[in-house]
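Residue strings, one per chain:
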Amino acid sequence: KDQARIPRQCGAYLRRLCRGQVFCLMALAGAAKLMLHWKSPEDLIFSFTWEHQMLFSMAAGHWIVSFWEDLQCRSFLAGGLDNKALPGVRDPAQLLLKGYLLHHAAAAVGYLALLHCQRISAVGSLGLLFELPVLLLNRRELLRLLWQRRWAERSAIRDHWRFVYIFFLTSRGGAFALYAYALAWWQQQLATLDTMETCLLHSMAIVFALLNYAYLSILDAWSRQDAAAAVLPELEEEDFENLDIGIHPEAPILREVDMEELASKEGLWLAIDGIVYDLTLFQKQHPGGVDVLRSCAGRDATAEFQSCPASKLPLASICRYQVGPLRLQPKEYRIFEHKEEEQRMQRLLVALISSLVLAAVVMMAFANQAVETRLIKESASYGELLLPGSLLSTLVGVLSVLLPMRQKLGGSQCRAAGGWKAHAIALLLLVNHLLLPAALQSSWPTDAAPHGLELSSVALLLLEIILAPAMTPPVLPILLCLGSWYYRGVTASDCITPGVYIPWRKAMAFAMNLVLLTRLAQTRPAAARHGLALSALYGGAVTGCLIFTWPHATGLVSPWQIAGLLVASATSLLVHCAVLDVAIQCSSRFATRWVAFFMAVLSFCTVGLSSFRWLALLGLFHHLLDLARHNRVRMDQVAAAQRFQHLDWHVIGAQALWDSSKVSILGFIWRTTVCSLQHVITALIPNGLQVYACEVPVPNFGEKVAMGLAAQYVPPEARGKAKKPNFFVCNVGQILESCLPDMQHTMNTLVDVWDEFHEPKLPGLCANVVMVIPSSDQGLAKEINLSVWETGKDAFDWYVKSKGHKKALMQHTSGVLRTFGNLLASLEPKEAISYQDRCSSCARPIEASHGEVAPNVCGVCGQRAFR
């Protein structure tokens, strides 16, 4: 029967799901078998048995077949997402198709490369473990297509997605954590890998880390869609019969509109009560005439609307013409209310960090190849690095002309000519290719002493501290860094020795060059584009002089060296464009600090945290906290001066991204620790009692605000629009905090009352909410009970017949409750209640006449309402 309801074209997709489930089970069993043999780092890197060959061959074949299958059933890949589920994505199926094809190609190539090199088997084993959440995702698709009623249960959906996120973070996040741990602690074993194996290890880790990060947004969209679908009512044919006007299924979802867009639109756009309307099609139907509307076009028309008689009509009658809320300039910083700046900052930083990670991997492989082929020497001098640096600069300039990256640099800010600053940037790029390798190769004498990456990051941060005197000097981070160096064998007397000050001088030279480069790009954005192209001219001139002056200087004798130079130059162009783009769109200080933090983290990942290196990492983290704290204080000061609208966007975006990241990470820790512990505590305390931990952070209302707990009960027959609330009963009770027996008696009576509410034949009850505030600044515990009924007679009948209510009255009048006092109020509306709902798709309000229940269908797009 279920099969008969399935469209024929869905068969290929179902076969894909079933075959995928079989592969997932085999992959997980194989991964468990392989990981049981892990006893030392050598087992993860060098072990390669017939079991690895069989499982990796199976995986390569699976991803090749999946590539073909996804092309056959591309229309089903969205998993139920429509064109409004993902912001800015009109076709989720097409987006997922591209993402899946990229993933399948990378996975197939990766497993074939592992079969070829027969080392670093842990990469393939962890790739098999990646299938753990896929088991549940395939199960979701099968339930959604075959057993929709079973999938519509809220508890099943909630449990499903909780396990999906647990499996996702455990398997895929754990794999990346193992990769970071290997970079920090298994340097000796990783050093034995050749260039191809090193590139394969890092590229697989980085590519799939980025894909997993991007896939989280898809998981979030699926989970939100499933949660919403579980509470949405089923639509009947009669729901569509009551619609008076046509439905437009492609009606756009509501979005924010700023004042600039409102003023620049050619149609008849105006704002009323903070909502923007496009009344271009409505102007001829306007009872006041077209001229009245045109006089208000492109601005806020709230005052004009309220002054006319039509203001008494509900605005929901013209909701089909809504565009969205009017985005006014914020006057202060509020967490979670600066999404546009946060998303823009997130895109910028993802591009920067991705390019930096790619550059680190490629440059490491290029440096190893250059040393092996004697293009450069270990611990080379500036003279020996001049030829490779000039060649890189030349190729960077040539590629910047051929590739589109340079044209996107700085966005619309780069229009004018660069002037002399373009030539200065070109020279600084040439010098940067010379100073960076020299700084990274330098290190202090002892093994535990800082190396080039750490020295360069400290030099960059120190320069920015000197150049930003408005900020309080970070004394504690500096002391932690100096303490780390002291315990690692660097004393004050060593600072005058050549082995210490020469590497420090190289790091400072690189830092000053990068700071000057980003500041020139910030002051003259157009110069950055022209400077990248001009670097080919200056780099080529230096290269030509070196070749003609010293013919023996060139070591380019093999195609591998030329290919390595081309890849390294393309990566260098990518990372320079990313850094300069951040400097142009944000600030030079912001760009250089992010480069410094990345270099520091990369340094600790490559050498570990032993020998008191953790002190330097602690100082780095404390400095990051200082910067965030200084940024927040600065925003509060600007808001107090009523100049918040003049604040740079990146200041707001950085703070918003920092706050949301902290909430996500710490919230996950809270849910996995304390919220999980509440079930253990509840199981141990006496029956009838439980503890509760809120799963999400709540606003801080101030020190004088008492916090408590609220509980809600809605009878099943009252859910949706089955009942109309028209009578309200509010009961407020107060008890001394020190009188524990009164609190216990009151809670027991409350349980009896709620048991009566659960009776299926109880007439008239719409909902009941109880709030318990255990402590307040008045020294009183409070209980607030709000019950909602269809009529006052229903409420009166229940209060007369209720045994729980009679028990409460007896305790109150007989003196059982020695400190309890209460206020009982009945509330009845003087006019008919106006019911309003909202569309689950386009977010427009759905409103009916006073006293009537709002319809279940949106009159604009025809989708379901929430209730």
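The rules behind the values
- Residues numbered from 1 in each chain as written.
- Predicted model: local features only at pLDDT ≥ 70, side-chain atom pairs only at ≥ 80, totals over all residues.
- Heavy atoms only, no water.
- Helix = DSSP H or I, 4+ residues; strand = E, 2+ residues; numbered from the N terminus.
- Buried < 20%, exposed > 50% of the residue type's maximum accessible area, 1.4 Å probe, protein only.
- Contact = heavy atoms within 4.5 Å.
- Areas by Shrake-Rupley, 256 points an atom, 1.4 Å probe, with all protein chains shown as cover.
- Phe/Tyr/Trp six-rings, centres within 6.5 Å; stacked < 30°, edge-to-face > 60°.
- Lys NZ or Arg CZ within 6 Å of the ring centre and 35° of its normal.
- Axes fitted to C-alpha atoms, helices over the stretch in contact; angles between N-to-C directions.
- Parallel < 35°, antiparallel > 145°, perpendicular 65-115°, else oblique.
- Left-handed = near helix turned anticlockwise from the far one by under 90°.
- Nonpolar A, V, L, I, M, F, W, Y, C, P; charged D, E, K, R; others polar.
- Polar contact = N/O pair within 3.5 Å; in protein donor to acceptor, adjacent residues only side chain to side chain.
- Pairing = 2+ DSSP bridges.
- Salt bridge = Lys/Arg side-chain N within 4 Å of Asp/Glu carboxyl O.
- Patch = residues over 30% accessible without salt bridge, like charges linked within 9 Å, V, L, I, M, F, W, Y side chains within 5 Å.
- Core = buried A, V, L, I, M, F, W, Y, C linked by side-chain atoms within 4.5 Å.
- 1 Å grid on protein atoms, 1.4 Å probe; cavity = no way out; pocket = protein on both sides within 12 Å on 5 of 7 lines; lining within 4 Å.
- Points joined across faces, edges and corners; volume = space filled by probe spheres on them.

## Notes on the overall build of the chain
1) Next: Counting its secondary structure elements, the chain contains 28 helices and 11 strands.
2) Next: Across the 867 residues of the chain, 44% fall into the buried class.
3) Next: Put simply, of all contacts in the chain between residues at least 6 apart along the chain, 79% involve residues at least 24 apart.
4) Next: Total accessible area computed for the chain in this model is approximately 46,200 Å², and 62% of it derives from carbon and sulfur atoms.

## Notes on the packing of aromatic side chains
1) Next: By the definition in use, this model includes 18 aromatic pairs.
2) Next: Between Phe-757 and Trp-798, the ring centres sit 5.0 Å apart and the planes meet at 35 degrees, which makes this aromatic pair tilted. With Phe-757 in helix H26 (residues 740-757) and Trp-798 in helix H27 (residues 792-801), this residue pair connects regions lying 41 residues apart in the sequence. Like Trp-798, Phe-757 is buried.
3) Next: Taken together, the ring pairs in this structure connect Tyr-486, Tyr-487, Phe-612 and Trp-614 into an aromatic cluster.
4) Next: Over the ring of Trp-649 we find Arg-344; its NZ or CZ atom is 3.9 Å from the centre of that ring.

## Thoughts on the packing of helix H18 (residues 452-467) against helix H20 (residues 498-523)
When two helices pack together, you describe them by how their axes are tilted relative to each other and by the distance separating the axes.
1) Next: The interhelical angle for the contact between H18 and H20, taken along N-to-C directions, is 55 degrees, at an axis separation of 8 Å. In terms of orientation, H18 and H20 fall into the oblique class. As H18 packs across H20, the resulting crossing turns out to be right-handed. Between H18 and H20, the residues in contact are Leu-455, Ser-456, Val-458, Ala-459, Leu-460, Leu-462, Leu-463, Glu-464 and Leu-467 and Pro-503, Trp-504, Ala-507, Met-508, Phe-510, Ala-511, Met-512, Leu-514, Val-515 and Arg-519, respectively.
2) Next: A per-class count over the contact of H18 with H20 returns 16 nonpolar, 1 polar and 2 charged.

## Things to note about the side chain of Ser-393
1) Next: Mapped onto the fold, Ser-393 is located in helix H16 (residues 382-402).
2) Next: Not counting chain neighbours up to four residues away, the residues in contact with Ser-393 comprise Leu-429, Leu-430, His-433, Ser-535, Ala-536 and Gly-539.

## Looking at the environment of Asp-300
1) Next: In this fold, Asp-300 is placed in the loop between helix H13 (290-295) and helix H14 (302-306).
2) Next: Overall, Asp-300 belongs to the partly exposed group, its relative accessible area being 36%.
3) Next: On a C-alpha basis, the gap between Asp-300 and Leu-326 in space is 9.1 Å, while along the polypeptide they are 26 residues apart.
4) Next: Those residues in contact with Asp-300 that sit more than four places away from it in its chain are Ala-271 and Ile-272.
5) Next: Polar contacts involving the side chain of Asp-300 include one to the side chain of Thr-302, which spans 2.6 Å.

## Concerning the pairing of strand E6 (residues 727-736)
1) Next: As paired elements, E6 and strand E8 (residues 780-789) share 10 bridges and run antiparallel to each other. Bridging across to E8, Val-732 finds its partner in Ile-784.
2) Next: As paired elements, E6 and strand E9 (residues 821-827) share 7 bridges and run antiparallel to each other. Across the sheet, Asn-731 pairs through a bridge with Leu-824, a residue of E9.

## Quick notes on the pattern of salt bridges
1) Next: Going through the model one piece at a time under the given rule, you end up with 18 salt bridges.
2) Next: When the shortest N-O distance is used, the salt bridge between Asp-626 and Arg-629 registers 2.7 Å. Here Asp-626 and its partner Arg-629 are both found in helix H24 (residues 613-640), 3 residues apart, which amounts to about one turn of the helix.
3) Next: For Asp-752, the salt bridge is made with Lys-807, and the minimal N-O distance between the two is 3.1 Å.

## Focus: a nonpolar patch on the surface
1) Next: A cluster of nonpolar side chains, namely Leu-169, Ile-665, Leu-666, Phe-668 and Ile-669, defines an oily patch on the protein surface of about 450 Å² accessible area.
2) Next: Per-element tally for the nonpolar patch: the top contributor is helix H25 (residues 649-684), with 4 residues.
3) Next: Relative to the elements of secondary structure, Leu-666 occurs in helix H25.
4) Next: Overall, the relative accessible area of 55% leaves Leu-666 in the exposed class.

## Comments concerning the nonpolar core
1) Next: Ranked by size, the top nonpolar core spans 68 residues in total, and within it Met-345 and Leu-460 carry the most contacts.
2) Next: Per element, the largest residue contribution to this core is 10 residues, and it comes from H20.
3) Next: Look past the residues within four positions of Met-345 in its chain and what remains in contact with it is Cys-586, Phe-590, Trp-649, His-650, Gly-653, Ala-654 and Leu-657.

## Observations regarding the layout of surface pockets
1) Next: As a volume, the second largest pocket reaches approximately 1,200 Å³.
2) Next: Lining of the second largest pocket is provided by 30 residues; of these, Gln-690, Leu-709, Met-747, Leu-750 and Val-772 occupy positions nearest its centre.
3) Next: Mapped by element, the contributors of at least two residues to the lining of the second largest pocket are strand E5 (709-713), H26 and strand E7 (765-773).
4) Next: By residue number, the principal contributor to the lining of the second largest pocket is H26, which donates 9 residues.
5) Next: Residues that form the lining of the second largest pocket fall into these classes: 21 nonpolar, 7 polar and 2 charged.

## A short note on the sheet that holds E7
1) Next: One open sheet accounts for 5 strands, arranged E5-E7-E8-E6-E9; its pairing is antiparallel. The outermost strands of the open sheet, each flanked by one partner alone, are E5 and E9. Shown here is a sheet whose adjacent strand axes are inclined to one another by a mean of 10 degrees, direction ignored.
2) Next: Bridge count for E7 against E8 is 8 bridges, and the pairing is antiparallel. Counted as the bridge partner of Leu-765 is Trp-789 from E8.

## As for the sheet that holds strand E3 (residues 275-278)
1) Next: Taking strand neighbours across the sheet as the criterion, the 4 strands line up as E1-E4-E3-E2 in an open arrangement whose pairing is mixed. The strands lining the two open edges of the sheet, one partner per strand, are strand E1 (257-258) and strand E2 (269-272).
2) Next: The sheet contact formed by E1 and strand E4 (residues 322-327) spans 2 bridges and is parallel. Across the sheet, Asp-258 pairs through a bridge with Arg-327, a residue of E4.

## Quick word on the environment of Leu-463
1) Next: As for its position among the elements, Leu-463 is in helix H18.
2) Next: Of the residues examined, Leu-463 reaches a relative accessible area of 10% and is grouped as buried.
3) Next: Leave out the neighbours within four places in its chain, and Leu-463 touches Met-508, Ala-511, Met-512 and Val-515.

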